Amino acid sequence: MKSAVETLNPTRVRLTVEVPFEELKDSLDAAYKKINQQVTVKGFRKGKIPARIIDQRFGRGAVLEEAVNDALPKFYTEAVNEAEINPLGQPEVDITELKDGETLNFTAEVDIRPVIEIPDYSGIEVTVDSIEVTDEDVDKAVEELRERFASTTPVERAAEDGDIVTIDLEAKVEGEVLEDGVATAVQYTIGSGELLEGIDEAVTGLEAGGEATFTSQLKGGSAEGKDAEVTVKVTTVAKRELPELDDDFAQLASEFDTLEDLRADSRKRLTGIKQYDQATQAQERVLEKLLEIAEVPIPEKLLEDEINTRKHNLEHHQLGQMGLDLAKYLEIQGKTEDEFVAETKEAAVKGIKTQFILDELVSKEKLNVNQEELTEHLMRRAASSGMSPDQFAQAVVEGNQVPMLVGEVARGKALALVVEASKVLDTNGDVVDLDDEDETETAAETVEAVTDADADEAKADEKGEDKPEA
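Computed from a prediction, not measured in an experiment: that's the story for all the values here. (Residues numbered from 1 in each chain as written. Predicted model: local features only at pLDDT ≥ 70, side-chain atom pairs only at ≥ 80, totals over all residues. Heavy atoms only, no water.)

A. Local environment of the overall build of the protein. Assigned secondary structure in the protein consists of 14 helices and eleven strands. For a compact globule of 470 residues, the expected C-alpha radius of gyration is about 23 Å, and the protein comes in at 33 Å, more than 25% above that figure. In terms of principal-axis extent, the alpha carbons of the protein reach across some 100 × 65 × 40 Å. Across the 470 residues that make up the protein, the buried fraction comes to 40%. Counted over contacts in the protein with a minimum sequence separation of 6, partners at least 24 positions apart contribute 71%. (Helix = DSSP H or I, 4+ residues; strand = E, 2+ residues; numbered from the N terminus. Rg over C-alpha atoms; globule rule 2.2 N^0.38 Å. Buried < 20%, exposed > 50% of the residue type's maximum accessible area, 1.4 Å probe, protein only. Contact = heavy atoms within 4.5 Å.)

B. Main features of a negative patch on the surface. On the surface, a cluster of negative charge is contributed by Asp247, Asp248, Asp257, Glu260 and Asp261. Broken down by secondary-structure element, the contributors of at least two residues to the negative patch are helix H6 (247–253) and helix H7 (259–293). Position of Asp248 among the secondary structure elements: in helix H6. With a relative accessible area of 55%, Asp248 lands in the exposed category. (Patch = residues over 30% accessible without salt bridge, like charges linked within 9 Å, V, L, I, M, F, W, Y side chains within 5 Å. Areas by Shrake-Rupley, 256 points an atom, 1.4 Å probe, with all protein chains shown as cover. Salt bridge = Lys/Arg side-chain N within 4 Å of Asp/Glu carboxyl O. Lys, Arg positive; Asp, Glu negative; His and termini not counted. Charge placed at Lys NZ, Arg CZ, Asp CG, Glu CD.)

C. Spatial organisation of the UniProt feature "domain: PPIase FKBP-type" (unreviewed entry) in the protein. Residues annotated in UniProt with the feature "domain: PPIase FKBP-type" (unreviewed entry) correspond here to residues 162–215. Across residues 162–215 one finds 9% helix and 54% strand; the C-alpha atoms that close the span lie 22 Å apart. (UniProt positions renumbered as here; feature names shortened; annotations may be inferred.)

D. Focus on the sheet that holds strand S2 (residues 12–20). In spatial order, the strands read S1-S2-S4-S3; together these four strands make up an open sheet with antiparallel pairing. Only two strands of the sheet have a single neighbouring strand rather than two, namely strand S1 (2–9) and strand S3 (87–99). Pairwise comparison of adjacent strand axes, ignoring direction, gives a mean angle of 20 degrees for this sheet. By the bridge criterion, seven bridges tie S1 to S2 in an arrangement that is antiparallel. In the sheet register, Thr7 faces S2, and the bridge partner there is Val13. Seen against the sheet, helix H3 (residues 60–83) touches S1, S2, S3 and strand S4 (103–112) and runs at an angle of roughly 125 degrees to S3. (Pairing = 2+ DSSP bridges. Axes fitted to C-alpha atoms, helices over the stretch in contact; angles between N-to-C directions.)

Structure follows, in structure tokens:
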């Protein structure tokens, strides 16, 4: 077999392959054997039909077609290995010449992973938010904890702002009660804004047994968007009572003995959250700068597939779980379809560029992923998916997604390397030290969010796995 490679553009090549006919012998033998098992000829036992009889009865062309389809993947893979290219996806194969007993010539066009020159990233400089936890921040955190330990006490008086009322609702449109417009024993906190517009004004001032009618635009259900006449009846009124902010509350709501210790822990926790957010912000901004200075060609077919994948995942998974279609989603977002397509393309380009350049860094810097790093990443992914680590690990193994997870961690390590070499300042002008043990995992999360996980080449067939057919 002889092969040659022609570069069509930085992300696509054409392989030209010439195969002497004798190299098709094994595939021809396999073709005759396969046809033998599929057909019957009077006077011959199944599987014992001579080749010349198969040629006479079914045509030599059918045998050649079967043999070529069997042989193409092997010859294509050999040509890919000889050319030392990294193909993405399935090739477009064209048989240019097939002479029985003489030769098989074909071409294969395929997208390839582009050669990327890693730019000097040591000069990258970004600014991130400073870490400031104010007394007001601590007050808010403690107050939220206090809210969780609030109690309710029934009262015999008119409902007031902040009270919890139990109500029955009935909605009519054009005088007809909606099938899905009746609800009973609904608990509602006045002033929370969690139900219909106008309900706060309607129930405020009502005692148990009182009712009122108001008009409101329905937010969901069979008559979504329509104005409805809503009747609300209050069955109970209860006031919320917050515990006193003292040492007893600290002992009730936490492991601390004093309110002072509880507030100190809240400050520490808020600082940790802001540090995490600051690290994520630094990684995102460094990545943006890296993508700006790097030249990364994008294979057109890969980009098209990624756009379609992102759109499919949004429509059939995310929106489907919320009971929305794309049109309704765009209406809620206030976007046109053209704007949505443009944003999706921009995100897809960013995801592919991120993957390509970080993978090149992984290769250049010879970054490896150890078992501890992979396990830590798997545990985090399991937690975010709502699965137990064992369940998630089993799903990963069964779906052959271990290489994908390894790739996510490796790219995280590559991004962490770039961040470490960059200059990161906060808004106060102080240098930010991001050198901590969680930086790689944080970076892996940043990369995962950009590439959307599905942008991994697990989606595009790896080298040698394609099976082109004539």
